Amino acid sequence: MLTGVRLTISKLFIIPQRYVLAVMGLLAIANAYTMRVCLNLAITQMVKKTTAVEGDAHYDPNACPDKSIVSNVTSEVAAILLRSDDPVQFEWSEVTQGLILGSFYYGYVLTHIPGGMLAERFGGKWVLGLGLLSTAICTFITPITVKMGGAWALVALRVVEGLGEGPTMPGLMAMLSKWAPKAERGRMGAIVFGGAQIGNIAGSYFSGLIMHEGSWENVFYMFGGLGFLWFVFWTFLCYSTPNTHPFISDEEKKFLNQNVESLVSSGTKKLDPTPWKALLRSVPLWALIIAAIGHDWGYFTMVTDLPKYMTDVLKFNIKSTGTLSALPYVAMWIASFFFGLLCDFCVKKGYHSIQSARKIYTTIAATGPGICIILASYSGCDTTLAVFWFIAAMTLMGAYYSGMKVNPLDITPNYTGTTTAMVNGIAAISGIISPYLIGFLTPQSTLKQWRIAFWVCLGVLVFTNVIYVIFAKGEQQWWDDVNKHGYPKNWKHGPLPTRDNDTEKTNWDKKETKEKS
């Protein structure tokens, strides 16, 4: 009877279960990003603004005109009008705001590797689901938390929120490794990872719209509530593997068991333990990690601080800030498909190798955006030109997905989950440092101070990209499959752990015999 019910329910799904997972994965990442970035815009309305008038120590003669203030009144009256209409409640310095914005990543960096290991052992469904549920709870209670405990309570809450969101990507990658056939991996990846830009777009646009019509508290209630709703659907619709899914059709289950590599080999070949001592000594892997630190520095500068720049320097109102902050991510999302198609075409035609492709597109995604944000800062109060350069910056950053983002699949196809967790987790320290440093460099949030912050961003992007170009590789590394590649001549750190001790000893003996001869 249960089998009959299962078959009946499976027929209700119009699309295959693997694409149900892909859509729910897209919504998972979108929810993760909206809950992460909504504070970036909300904080512009949470903090009490002060307007320096002529004669003050921090008066900026080059400041852009505030269109919300009537131009024919005195500066003193303008300041009074601004204060009387200001609905915000907190007096936080720029440094404090930077600390708050970066606090999410203190928790985020800690749970990447543990999340990946738990997902590989117990399946990604509950690792990902419960992590995002905790993030939704934290987002929903943000208004009451900050009102009761102030800045430090918000910092603690954001750390907990980061702890919950850290396993998102490792958990989802673990599930995709069981659900995505090699021939469909590209399209499923495009569906799922597009959620990041959808989240940035929705988080920016709807936050601005909500706060234009109401209070900043509603932003957290809305996105936290959507997180709860997603979790309900995730619980009933998605499962860690096809073989544990109660409603999948027999035809699709058979197809996946025959075409998904990890399912095909699960009964015949066991993966060796993670080769930590080789992995931690891998120069190409550390080049990738360093490049990721640079990318995240530029990306988090845009994601975290662009709304503040538009509000404090360019003097956009909150509705315009939300809309214009979303446009660069629309451009990045579209550009990522263009760069992906171009990269695949050039590799297929033999115009450049995979290794060259990773370096070329990573360079485009690093130096291009860095130069563009510098040009934006030198656009002064020409808001149209400044927004153009910010959009151009994120457009070029779309090349990132064809560059270093997929590089773990090149150098370590067998341990992609672990290495991805390492790369993302370590690189996320940029999310801790960059908001705090920008707050330190822009105490009065003047155009000149922001220009210095953008020069620092360009320096980090260029330096980390040079390291990547010199040391990056585009082929499988020996430690990813020591049975296939053997040990390098300069390896002096003993045999790597394997499930078969005899194989381990044989490979090591072969290596030493070869060196002696």
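The sections below set out a description of the structure shown in this document. (Residues numbered from 1 in each chain as written. Predicted model: local features only at pLDDT ≥ 70, side-chain atom pairs only at ≥ 80, totals over all residues. Heavy atoms only, no water.)

**Concerning the overall build of the chain**
Along the backbone of the chain there are 23 helices and zero strands. Expressed as a percentage of the 517 residues in the chain, the buried residues total 53%. Expressed as a percentage of contacts within the chain between residues at least 6 apart in sequence, the contacts between residues at least 24 apart total 82%. In the structure as shown, the chain presents an accessible area of about 23400 Å², 65% of it carried by carbon and sulfur atoms. (Helix = DSSP H or I, 4+ residues; strand = E, 2+ residues; numbered from the N terminus. Buried < 20%, exposed > 50% of the residue type's maximum accessible area, 1.4 Å probe, protein only. Contact = heavy atoms within 4.5 Å. Areas by Shrake-Rupley, 256 points an atom, 1.4 Å probe, with all protein chains shown as cover.)

**Here we look at the state of the cysteines**
By the definition in use, this model includes zero disulfides. Unpaired in terms of disulfides, Cys346 finds its nearest cysteine sulfur in Cys343, a separation of 7.3 Å. Judged by its relative accessible area of 12%, Cys346 falls in the buried class. (Disulfide = S-S within 2.5 Å.)

**A look at the packing of aromatic side chains**
Within the structure shown, the criterion is met by 20 aromatic pairs. Ring centres of Trp216 and Phe220 lie 6.1 Å apart, and the angle between their planes is 85 degrees; this geometry places the pair in the edge-to-face category. For Trp216, a relative accessible area of 5% gives the class buried. When the ring of Trp478 is compared with that of Tyr487, the centres are 5.6 Å apart and the planes differ by 50 degrees; the resulting orientation is tilted. On the accessibility criterion, Trp478 (17% relative accessible area) is buried. Aromatic rings pair up to connect Phe104, Tyr105, Tyr108, Tyr299 and Phe300 into one cluster. The lysine or arginine in question, Arg36, covers the ring of Tyr33, its NZ or CZ lying 4.3 Å from the ring centre. (Phe/Tyr/Trp six-rings, centres within 6.5 Å; stacked < 30°, edge-to-face > 60°. Lys NZ or Arg CZ within 6 Å of the ring centre and 35° of its normal.)

**Focus: the pattern of salt bridges**
Per the counting criterion, the structure on display carries five salt bridges. For Glu165, the salt bridge is made with Arg36, and the minimal N-O distance between the two is 3.0 Å. You can see Glu165 sitting in helix α7 (residues 142-165) and its partner Arg36 sitting in helix α2 (residues 17-46), a full 129 residues away along the chain. Given the relative accessible area of 6%, Arg36 is considered buried. Between Lys147 and Glu217 there is a salt bridge, and its shortest N-O distance comes to 2.7 Å. Note that Lys147 is positioned in helix α7 and Glu217 in helix α10 (residues 217-237), a separation of 70 residues in sequence. (Salt bridge = Lys/Arg side-chain N within 4 Å of Asp/Glu carboxyl O.)

**Considering the packing of helix α16 (residues 354-377) against helix α17 (residues 383-397)**
Interaxial distance between α16 and α17 falls to 8 Å at its minimum, and their mutual angle equals 175 degrees. Judged by the inter-axis angle, α16 sits roughly antiparallel to α17. Mapping the contact onto sequence places Ile364, Ala365, Gly368, Pro369, Cys372, Ile373, Leu375 and Ala376 in α16 and Ala386, Trp389, Phe390, Ala392, Ala393, Leu396 and Met397 in α17. Classifying every residue of the contact of α16 with α17 gives 14 nonpolar, one polar and no charged. (Axes fitted to C-alpha atoms, helices over the stretch in contact; angles between N-to-C directions. Parallel < 35°, antiparallel > 145°, perpendicular 65-115°, else oblique. Nonpolar A, V, L, I, M, F, W, Y, C, P; charged D, E, K, R; others polar.)

**Some words on the environment of Leu21**
Mapped onto the fold, Leu21 is located in helix α2. With a relative accessible area of 3%, Leu21 lands in the buried category. In the structure, Leu21 is positioned 216 residues away from Leu237 in sequence and 7.7 Å away in space, judged by C-alpha atoms.

**Concerning the environment of Ala156**
Structurally, Ala156 is set in helix α7. For Ala156, a relative accessible area of 43% translates into the label partly exposed.

**Considerations on the nonpolar core**
Residues Met46, Trp92 and Phe390 are the most contacted members of the largest nonpolar core, which totals 95 residues. For this core, the element with the most residues is α2, which contributes 17 residues. Formed by 28 residues, the second largest nonpolar core is a distinct cluster that contains Ala292, Ala335, Tyr361 and Ile411. (Core = buried A, V, L, I, M, F, W, Y, C linked by side-chain atoms within 4.5 Å.)

**Let's talk about a nonpolar patch on the surface**
A contiguous nonpolar patch, built from Tyr205, Phe206, Met222, Leu226, Leu229, Val232, Phe233 and Phe236 and spanning about 720 Å² of accessible area, is present on the exposed surface. Counting residues per element, the ones that place at least two in the nonpolar patch are α9 (185-213) and α10. The biggest single contributor to the nonpolar patch is α10, with six residues. Mapped onto the fold, Tyr205 is located in helix α9. (Patch = residues over 30% accessible without salt bridge, like charges linked within 9 Å, V, L, I, M, F, W, Y side chains within 5 Å.)

**Structural notes on the side chain of Glu217**
A relative accessible area of 10% means that Glu217 is categorised as buried. Polar contacts involving the side chain of Glu217 include one to the side chain of Lys147, which spans 2.7 Å. Once residues within four sequence positions are removed from consideration, Glu217 is found in contact with Gln89, Pro143 and Lys147. (Polar contact = N/O pair within 3.5 Å; in protein donor to acceptor, adjacent residues only side chain to side chain.)

Scope: geometric values only; no functional claims are made or implied.
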